[in-house]
Amino acid sequence: MEIQLDDLPALLATVHLRLQGFLSLVGRWASETAPRAADRLVTLLDENFEISGPLELG
């Protein structure tokens with residue numbers, strides 16, 4: 001697989017947005033499945049994978 005260097009920022013931005021969507025879905029699922037642990041799960045995922053912070057490409 002080859003990726004042009006110029007395409008990389010847009011691809012990473014897309015992945016970042018999709019991970020944010022995933023985190024939101026995890027939050028909804030966890031709220032229904034384990035409400036007391038939902039916030040902590042989302043926080044841990046976010047902290048470990050640095051999902052909600054800004055995407056730093058430089």
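Residues numbered from 1 in each chain as written. Predicted model: local features only at pLDDT ≥ 70, side-chain atom pairs only at ≥ 80, totals over all residues. Heavy atoms only, no water.

A.B. asks: How would you sum up helix α1 (residues 8–33)? Please name residues and give values.
C.D. replies: Since the α-helix advances by 3.6 residues per turn, residues separated by three or four positions end up pointing in the same direction. Across its 26 residues, α1 extends 37 Å between first and last C-alpha, which sits within 8% of the 38 Å expected from 1.5 Å per residue. The complete set of buried residues in α1 reads His16, Leu23, Val26, Gly27 and Ala30. Packing partners of the buried residues in α1 comprise α2 (35–49). (Helix = DSSP H or I, 4+ residues; strand = E, 2+ residues; numbered from the N terminus. Expected span 1.5 Å × (residues − 1). Buried < 20%, exposed > 50% of the residue type's maximum accessible area, 1.4 Å probe, protein only. Contact = heavy atoms within 4.5 Å.)

A.B. asks: Quick one: what's the story with a nonpolar patch on the surface, residue by residue and with numbers?
C.D. replies: Taken together, the side chains of Met1, Ile3, Leu5, Leu8, Leu11, Leu12, Leu55 and Leu57 define a hydrophobic patch exposed on the protein surface, amounting to about 830 Å² of accessible area. Counting through the fold element by element, Leu57 comes out in the segment after α2. Judged by relative accessible area, Leu57 falls into the partly exposed class, the value being 48%. (Patch = residues over 30% accessible without salt bridge, like charges linked within 9 Å, V, L, I, M, F, W, Y side chains within 5 Å. Areas by Shrake-Rupley, 256 points an atom, 1.4 Å probe, with all protein chains shown as cover. Salt bridge = Lys/Arg side-chain N within 4 Å of Asp/Glu carboxyl O.)

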